[in-house]
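One letter stands for each residue in the lines below.
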Amino acid sequence: MPRLAREDVELYYTLSGPPDGLPVVYAPGFSAHSADNLARLLSGMLGRLGVRLLIVDHRGAGQTVAQPGAEASVAAMARDLAAAMDDAGMADAHVLGISMGGCVALQLVLDAPQRARSLTSVVSMAHAPYPSRGAHILETMRLLSDAGVPPALLNRISAVHLLDEATFTDPAQIAPWLEVNEDPFAQTRPMWALQAAALMHWDVRDRLSAVHTPTLVFSSPDDVMVPPTLQAELAQGIAGARRIDVHGGHLFMLHPQRLPAFISDLHAFWMSVEAG
């Protein structure tokens with residue numbers, strides 16, 4: 001898969017789907033990357049719909065390698081996305097971001113609006129307050145990992161803040177979260193620190209009125225990581241933004257009964273933008 005040398009990072013990205021397909025750029029969330037379960041699901045399902053999908057491992061995640069002292073900012077991650085698009089031959093694309101990736105996607109739209117045909121922000125926000133419950137959870141999970149807590153137990157704990165109440169009533173839906181799947185590209189402490197520093201105090205609320213890109217916001221009223229009030233604030237701040245509320249928590253799209261509808265809504269939105 002392609003690697004791209006930049007001033008302070010060596011970017012890793014993947015391309016999937018038909019070469020002449022609908023161009024889409026996916027920005028993963030905090031610690032997420034192009035080889036995780038969600039990325040693989042998106043690649044497969046969107047590829048079958050004729051989407052050419054570019055996934056970039058952000059600095060601080062996956063197989064991207066950041067140099068010591070690399071810039072730690074959401075703006076730098078957005079520039080990385082644009083550089084990967086250039087390298088992949090994508091002049092513009094529909095931009096999809098989940099969680100922290102939604103921040104990166106929004107930053108790209110603000111800084112280089114000509115690169116985005118549309119913006120889809122999923123369980124994300126226009127500012128990352130600190131201190132906050134979400135930041136506390138990220139810090140706690142990092143401390144538990146540093147302390148050597150077994151992956152099976154980390155998975156069990158993460159389900160509490162990533163899934164909704166209803167999911168816990170179905171043992172079949174919880175079981176996969178309790179399985180141990182070692183991530184060969186798991187975030188290290190320095191990688192975690194880079195992404196945490198990038199998010200801390202990030203705030204573009206005063207620029208939302210400048211967004212004229214067609215925008216779809218997915219929000220979950222059950223989200224613990226990103227409060228629904230922040231998701232609503234984002235949708236309300238962008239003129240003409242459409243908002244879809246989905247129960248299920250921060251990772252509602254990983255629920256097998258919600259994933260097909262999520263993919264369908266994404267594709268329908270992009271095709272409506274293409275149709276003008």
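The structure we're discussing is the one just above.
What you are looking at is a predicted structure, and each value in this text was computed from that prediction instead of being measured.

Rules used in this analysis
- Residues numbered from 1 in each chain as written.
- Predicted model: local features only at pLDDT ≥ 70, side-chain atom pairs only at ≥ 80, totals over all residues.
- Heavy atoms only, no water.
- Buried < 20%, exposed > 50% of the residue type's maximum accessible area, 1.4 Å probe, protein only.
- Helix = DSSP H or I, 4+ residues; strand = E, 2+ residues; numbered from the N terminus.
- Pairing = 2+ DSSP bridges.
- Expected span 1.5 Å × (residues − 1).
- Phe/Tyr/Trp six-rings, centres within 6.5 Å; stacked < 30°, edge-to-face > 60°.
- Contact = heavy atoms within 4.5 Å.
- Polar contact = N/O pair within 3.5 Å; in protein donor to acceptor, adjacent residues only side chain to side chain.
- Core = buried A, V, L, I, M, F, W, Y, C linked by side-chain atoms within 4.5 Å.
- Salt bridge = Lys/Arg side-chain N within 4 Å of Asp/Glu carboxyl O.

Chemist: Explain helix 7 (residues 189-199) here, please?
Modeler: Structural remark: α-helix, 3.6 residues per turn; residues separated by three or four positions point the same way. By the burial criterion, the buried members of helix 7 are Met191, Trp192, Leu194, Gln195, Ala196, Ala198 and Leu199. A positive backbone phi angle near 70° is found at His201, which sits one or two residues after helix 7.

Chemist: Looking at this structure, I do not really get the pairing of strand 9 (residues 242-245). What am I missing?
Modeler: On any regular strand, side chains alternate: one points to one face of the sheet, the next to the other face. With four bridges connecting them, strand 8 (residues 215-219) and strand 9 associate as parallel partners. Counterpart to Ser219 in the pairing with strand 9 is Asp245.

Chemist: Could you clarify how one ought to interpret helix 2 (residues 74-88) in this entry?
Modeler: The end-to-end C-alpha distance of helix 2 is 21 Å, a good match for the 21 Å that 15 residues give at a rise of 1.5 Å each. Looking one or two places after helix 2, you find Gly89, whose phi comes out positive at around 80°.

Chemist: Sorry, what's going on with the packing of aromatic side chains here?
Modeler: Ring pairs (aromatic) are described by centroid distance and by the angle formed between their planes. Summed over the entire model, instances satisfying the criterion amount to four aromatic pairs. Aromatic pair Phe252 and Phe262: ring centres 5.7 Å apart, planes at 90°, arrangement edge-to-face. One end of the pair, Phe252, is in the loop between strand 9 and helix 9 (259-275); the other, Phe262, is in helix 9, and 10 residues separate them in sequence. For the pair Phe252 and Phe262, a shared accessibility class is recorded, and that class is buried.

Chemist: Even after reading the chapter, I still don't get the environment of Thr64, so can you show me in this structure?
Modeler: The residue Thr64 is located in the loop between strand 4 (51-56) and strand 5 (65-66) in this model. Residues Thr64 and Leu4, 60 residues apart in the sequence, show an inter-C-alpha distance of 9.1 Å. Contact partners of Thr64, with chain neighbours within four places excluded, come to Val9, Glu10, Leu11, Tyr12, Asp57, His58 and Arg59. Looking at Thr64, its side chain comes within polar contact range of the main-chain nitrogen of Tyr12, at 2.9 Å. Here the side chain of Thr64 touches Asp57 through a polar contact of 2.6 Å, landing on its backbone oxygen.

Chemist: What am I meant to see in the environment of Leu119 here?
Modeler: Checked against the element boundaries, Leu119 lands in strand 7 (residues 116-122). Taking the relative accessible area as the measure of exposure, Leu119 reaches 1% and is therefore buried. Along the sequence, Leu119 and Gln173 sit 54 residues apart, while their C-alpha atoms lie 30 Å from each other. Once residues within four sequence positions are removed from consideration, Leu119 is found in contact with Val95, Ala105, Leu106, Val109, Thr213, Pro214, Thr215, Leu216, Ile238 and Phe269.

Chemist: So what exactly am I meant to see when it comes to the nonpolar core here?
Modeler: Note on soluble globular proteins: their nonpolar side chains tend to be buried together. Judged by nonpolar contacts, the single largest core of 50 residues is most densely connected at Leu54, Leu106, Leu108 and Leu199. Setting aside residues no more than four positions away along its own chain, Leu54 makes contact with Tyr13, Thr14, Leu15, Val24, Val25, Tyr26, Ala84, Met85, Ala88 and Met90. Membership of the second largest hydrophobic core comes to 37 residues, among which are Val51, Val123, Val246 and Ile263.

Chemist: Sorry if this is basic, but what is going on with the pattern of salt bridges here?
Modeler: Note on pairing: side chains with opposite charge can pair once their charged atoms come close. Tallied over the full model, the rule gives 15 salt bridges. Two residues, Asp92 and Arg117, come together in a salt bridge whose shortest N-O distance is 3.0 Å. Residue Asp92 is located in the loop between helix 2 and strand 6 (93-98), and its partner Arg117 is located in strand 7; the two are separated by 25 residues in the primary sequence. A relative accessible area of 26% means that Asp92 is categorised as partly exposed. The partner of Arg258 in a salt bridge is Asp164, with the nearest N and O atoms 3.7 Å apart. Here Arg258 is found in the loop between strand 9 and helix 9, whereas its partner Asp164 is found in the loop between helix 5 (151-162) and helix 6 (171-178), with 94 residues between them in sequence. Classification of Asp164 as buried rests on a relative accessible area of 6%. Residues joined by salt bridges that share partners form a network here, namely Arg6, Asp8, Arg59 and Asp80.

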